[in-house]
Amino acid sequence: MTKSSSLKSEDKQLTSSIPEELDPFRMPDHIAVIMDGNGRWAKAKGLPRSVGHSAGVDALKNTLRLCSDWGVGALTVYAFSTENWSRPLEEVGFLMTLFKRVLKKELQTLRAQQVRISFLGDLVKLPNELQDLIIQATELTSGNTGIKFNVCTNYGGRRELVNAAKNLAIRSLNGELDPSLIDENIFAAELLTANEVDPDLLIRTSGERRISNFLLWQLAYSEIYITETLWPDFDRNSLLHALSDYQSRCRRFGGLNQISPKEEDFQS
Ligand code: FPP
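Keep in mind the model is a prediction, meaning the values are calculated, not measured.

Caption draft 1: Main features of the overall build of the protein. What the protein contains, in helices and strands, is 8 helices and 6 strands. Along its sequence from the N terminus, the protein presents helices and strands in the succession β-α-α-β-α-β-α-β-α-α-β-β-α-α. Across the 268 residues of the protein, 48% fall into the buried class. A separation threshold of at least 6 residues defines the contact pool for the protein, and within that pool the share at least 24 residues apart is 75%. As displayed, the protein offers around 13,800 Å² of accessible surface, 52% of which is attributable to carbon and sulfur atoms.

Rendered as structure tokens:
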């Protein structure tokens, strides 16, 4: 989906928690994050990688809270890729246990904060107990009215695109769809993000300059912000810096218009 919402003037009083360094009219609707550097953070401290992942959870909780407080509509994070299964068995096992533990522990807080959580990816490959917790958390928060929080788990962008193409082919073969009518909207509706606006901003921590098979379709026009900060160290100041940088960008979406889409929406 392309951008649909924008901050209206009557919402401005609701944004009093947005830091004064930021322009409340140019906040991103949707932020995507590649949370990288947990292992290096731990190694630099002489600690096992698992400690880095646990510290990464704290950074994630803090980032979610800040995004929610600052009126960001959606946060999508890359928690576990289709390629992450190739890590040592012990680390994969630790991550699965960590996801379970965090979901159990944080569910009430997510409900209280009006967060709507969902998980994007090939979830049937996850341990059964984790799948059950995912279903429970998704259902129990689906009626919430606050920030949308998408956790990409066993997610791969290429796999998502192949599945979309496969579904469209099946629907065409079944006579439900005229293949000559397939356009970008019909294609995007087959993706795991069918009901989401595309990310305005992609943040990648730890200095790597790659997309790493994340949201390949959805990031087409996202602004990319890369920081050397390792994910467990990503704090309020880091988010503020990323958002200030984002607000300094001129988004043209392939055109020539120098005005940001949000300002334009607000003026009309
Ligand atoms: C990348 O750092 C991080 C991961 C593969 C895991 C990210 C997961 C979390 C932060 C926990 C999220 C928890 C929930 C419940 C959503 P890395 O291990 O690749 O670090 P490195 O590149 O320094 O080795």
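Caption draft 2: View of unusual backbone geometry. The backbone of glutamine 114 shows a phi angle near 65°, a positive value even though the residue is not glycine. Structurally, glutamine 114 is set in the loop between helix H3 (89-112) and strand E3 (116-120). Even without a glycine there, the phi angle at serine 206 is positive, about 75°. Secondary-structure assignment places serine 206 in the loop between strand E5 (201-204) and strand E6 (223-226).

Caption draft 3: Layout of the sheet that holds E6. Taken together, 6 strands build an open sheet; the order of strands is E3-E4-E2-E1-E5-E6 and the sheet is parallel. A strand with exactly one partner marks an edge of an open sheet, and here the two such strands are E3 and E6. Averaged over neighbouring strand pairs, the angle between their axes works out to 20° when direction is ignored.

Caption draft 4: Summary view of the site of the ligand. What surrounds the ligand is a group of 17 residues, the closest being Asp36, Gly39, Arg40, Arg49 and Arg87. Aspartate 36 places a side-chain nitrogen or oxygen 3.0 Å from an oxygen atom of the ligand. Within the side chain of arginine 49, a nitrogen or oxygen atom sits 2.9 Å from an oxygen atom of the ligand. In the complex, the protein chains occlude 91% of the 630 Å² of accessible area that the ligand would expose alone. Secondary structure elements with two or more residues in the shell around the ligand: helix H1 (38-44), helix H2 (49-69) and H3. No other element matches H2, which puts 5 residues into the shell around the ligand.

Reading the values: rules and limits
- Residues numbered from 1 in each chain as written.
- Predicted model: local features only at pLDDT ≥ 70, side-chain atom pairs only at ≥ 80, totals over all residues.
- Heavy atoms only, no water.
- Helix = DSSP H or I, 4+ residues; strand = E, 2+ residues; numbered from the N terminus.
- Buried < 20%, exposed > 50% of the residue type's maximum accessible area, 1.4 Å probe, protein only.
- Contact = heavy atoms within 4.5 Å.
- Areas by Shrake-Rupley, 256 points an atom, 1.4 Å probe, with all protein chains shown as cover.
- Pairing = 2+ DSSP bridges.
- Axes fitted to C-alpha atoms, helices over the stretch in contact; angles between N-to-C directions.
- Near = heavy atom within 4 Å.
- Polar contact = N/O pair within 3.5 Å; in protein donor to acceptor, adjacent residues only side chain to side chain.

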